[in-house]
Each structure stands twice: as structure tokens, then as C-alpha cells.
Amino acid sequence: MPCFQPYFTQDEKTFATYWLGLWSILCFISTFTTVATFLIDMERFRYPERPIIFLSTCYLFVSIGYIVRLIVGHENVACNRDHIHYETTGPALCTVVFLLIYFFGMASSIWWVILSFTWFLAAGMKWGNEAIASFSQYFHMAAWLIPSIKSIAVLALSSVDGDPVAGICYVGNQNLENLRGFVLAPLVVYLFTGTMFLLAGFVSLFRIRSVIKQGGTKTDKLEKLMIRIGIFTVLYTVPATIVVACYIYEQHYREFWEKSHNCSCSADKKRSRPEYAVFMLKYFMCLVVGITSGVWIWSGKTFDSWRKLTSRCCRSSKSINVLAYSEASRALTTRTGLPSSALYHKQVPMSHV
């Protein structure tokens, strides 16, 4: 396979570069804002919603992987001179991009499962924040250990390869078995498991809502919580489902595309060229979750947190200026032996001149 996808035109290749650059930068800005908001007000984000922060952190590093490709260039990441990388563990830049996108991409999917599981514990099992937080070390172990094992396996098997469309290093771009084993199967399992936990949590929330209404108590706060969870669920499950569908499409037709390209007498001309829009949709959906993950912090509390931070910074800068002025005045007093007020010359009246 050549360095660039042979099925697409030069204009389509140029558009792909701008397309990836746009969404990766927006993803970086959104996730960076989410993580920064968490760092300035950690107590606000407790379990069961704290996994959203770690999910955003994962997408922050995924976006950095795409931005590295944007800065360095397609050829320097995914290609070996004129040809795409096949079954490699290097060079170093290719490996770094692979780890940023694959490791943190899979970790984000596991944090999605953990998020849906913690919501199920809170809504269905009536667990409190502290009870869920007591298992946080196991959540971190699962979220970081499983992608680590998979990444090490990919590197040990020399299965890293280049993507001739996006210009990144990933796994399964040239080998269908690697695509099915390391990418498609885990994504399907994570998506199915997380969706089951979320559905169970929603059923429990609806039951709680009906019981509260029968007691004559208002359910406004509970309904707002359910709406926010529902919006975030749609904003994750829809892109994740589309990404899985794009990978299924790619692994099903790739052999036809390659045969049609290599053999001019191929009879199946309908599937001789991949759909360009499918690839652009896949990359967009891989990054849009990072953009929409910030929906959880879009509230008045976020503005209050940043306002308090800026006010603290302003007060600290004023106190530093006052301290510096007092230190300077004390130093001058020590050197001259006069009070600081005496260091300023009095104006001499004109009558004494």
C-alpha cells in the first residue's frame, strides 16, 4: 500500500487533513477545559460522575495524538518513505502516536463502562458516593491495566501499522485479523456492557420517580439529573455505535477494494472504491465524544468555579504588590535610618528662597 490511500483524489486527501485538524483541536480545547475545571474544583465532581473527568482526560491525549500527526505530517508518522508502515513497532514517533490514540482510546471506552456501572450502583442499588468511591482503586486498575495489556500485546506482535487516510499509526489498518481482535471486538464488548448498565440504571430511576410522585413530593431535581444522564448517554452511545459500524464496513469490504485495485479485470466494480464519507465520519465520531464530554460541566457552577479562581488570583497578585512595597519601604528605612515618610523631600515655600 502506498503512503497515501490510492482510492481517493488529492482534494479528498487535503480535505482529510483539515478535517482531522479541525476536530482534534476542538476536542483538545473541550477536554482541556473539562480537566482544568476539575482540577480547580475537585470536590464538585464525585462518584458516580467522576469517571466523566477521566474519560475527558483520555480524549485529551487522543486529540494530542492527532495534533502530533497534524504538526509533523502524514509521511513522517505513518509512512516508510513511499510506503505505509506494515507490522512495525517503530519508528519512535509512530509508536508514540499509536500509544496516544490506541491506549487512551481504549481506556476511554472502559471509563465509559465504569461510568455506566457507577450510575447503576447509585440509581439501581442505592449506593452512596462514599460507598462507590471506596472501589475507585479497582476502577483505575481496570481502566488502565486492560489497555496496557492490549497495547503491550500489539507492540510485542509488531502489529502497529499506518493509516493511509488519516496519517496516524494504529492497529488493524493493514491486517483484518488485528482489526477484529484488537479494535472491533473490544469496542463492541465495551459498548454493549455499558449500554446494559445504563438501561438498568434508567429503569431504576424511573421507578424511583414514580414512587416519589405518588408520595406527593416534587421530582424536579431527579428529572433534571435523568435528562443530563440521558443527553450524555446519547452523546456517547451514538458516536460509539457509528464508529463500530464504520469498522464493520471497513473490515467487510477491504479485500474487495484491494482486489479491485490490484486486478483491473475485477468484475465487482460497485465495491471497488471505499466510501470517502464513511472514513470522514469515523474520524469525526472518534473525536466528537471528547467535544461533547464537556456538556457535563456546562452549568452555572463552572462559571462560579472559574470566577472564584480569578478572584483568588487577583487578590494574591494585589497582596504580592503590597508585600513588595512594604519590603521596599522597610529596606529603605534600614539603609537611611529615617522613617519612610521622611524619605520624600518636602516642597520649600517660595518665600524662603
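Residues numbered from 1 in each chain as written. Predicted model: local features only at pLDDT ≥ 70, side-chain atom pairs only at ≥ 80, totals over all residues. Heavy atoms only, no water.

Under an unreviewed UniProt entry, the protein has the name G-protein coupled receptors family 2 profile 2 domain-containing protein and belongs to Ranitomeya imitator. Of the comments in the UniProt record for the protein, the one headed Subcellular location (unreviewed entry) reads "Cell membrane". Per UniProt, the protein carries the Sequence similarities (unreviewed entry) text "Belongs to the G-protein coupled receptor Fz/Smo family." (UniProt positions renumbered as here; feature names shortened; annotations may be inferred.)

Enquirer: Quick one: what's the story with the nonpolar core, residue by residue and with numbers?
Expert: Ranked by size, the top nonpolar core spans 76 residues in total, and within it Tyr66, Tyr102 and Val183 carry the most contacts. Breaking this core down by element, the ones donating at least two residues are helix H1 (10-40), helix H2 (51-72), helix H4 (92-123), helix H6 (136-156), strand E4 (169-171), helix H7 (176-214), helix H8 (220-262) and helix H9 (276-292). (Core = buried A, V, L, I, M, F, W, Y, C linked by side-chain atoms within 4.5 Å. Buried < 20%, exposed > 50% of the residue type's maximum accessible area, 1.4 Å probe, protein only. Helix = DSSP H or I, 4+ residues; strand = E, 2+ residues; numbered from the N terminus.)

Enquirer: Pulling in residues and values, what's your account of the packing of H4 against H6?
Expert: H6 packs onto H4 with a crossing angle of 145° between their chain directions and a minimal axis gap of 9 Å. Here H4 and H6 pass one another in a crossing that is right-handed. Its residues placed into classes, the contact of H4 with H6 shows 19 nonpolar, five polar and one charged. (Axes fitted to C-alpha atoms, helices over the stretch in contact; angles between N-to-C directions. Left-handed = near helix turned anticlockwise from the far one by under 90°. Nonpolar A, V, L, I, M, F, W, Y, C, P; charged D, E, K, R; others polar.)

Enquirer: Which residues make up the state of the cysteines, and what values go with them?
Expert: What the rule picks out here adds up to two disulfides. The disulfide that involves Cys3 links it to Cys79, with 1.8 Å between the sulfurs. Here Cys3 and Cys79 share a disulfide; its torsion about the S-S bond, 80°, makes the bridge right-handed. With Cys3 in the segment before H1 and Cys79 in strand E1 (residues 79-80), this residue pair connects regions lying 76 residues apart in the sequence. With a relative accessible area of 8%, Cys79 lands in the buried category. Across a sulfur-sulfur distance of 1.9 Å, Cys94 and Cys169 are joined as a disulfide pair. Classification of the bridge connecting Cys94 and Cys169 rests on its S-S torsion, roughly -110°, and on that basis the disulfide is left-handed. (Disulfide = S-S within 2.5 Å.)

Enquirer: Hey, could you go over the packing of aromatic side chains for me, with residue numbers and the actual values?
Expert: Each aromatic ring pair is described using two quantities: the centre-to-centre distance and the angle formed by the ring planes. Summed over the entire model, instances satisfying the criterion amount to 27 aromatic pairs. Taking the centre distance of 5.5 Å and the plane angle of 55° together, the rings of Tyr249 and Trp257 count as tilted. The rings of Phe8, Phe15, Trp19, Trp23, Tyr249, Tyr253, Phe256, Trp257, Tyr276, Phe279 and Phe284 are connected pair by pair, giving a single aromatic cluster. (Phe/Tyr/Trp six-rings, centres within 6.5 Å; stacked < 30°, edge-to-face > 60°.)

Enquirer: So what's going on with the pattern of salt bridges? Which residues, and what values?
Expert: The full count for this structure, using the stated rule, is three salt bridges. Between Glu12 and Arg273 there is a salt bridge; the shortest N-O distance is 2.8 Å. One end of the pair, Glu12, is in helix H1; the other, Arg273, is in the loop between H8 and H9, with 261 residues separating them in the sequence. Note on Glu12: relative accessible area 19%, which makes it buried. A relative accessible area of 37% places Arg273 in the partly exposed class. Measuring nitrogen to oxygen at the nearest pair gives 2.9 Å for the salt bridge that ties Glu250 to Arg254. Placement of both Glu250 and Arg254 in helix H8 is noted, with a separation of four residues, approximately one turn of the helix. (Salt bridge = Lys/Arg side-chain N within 4 Å of Asp/Glu carboxyl O.)

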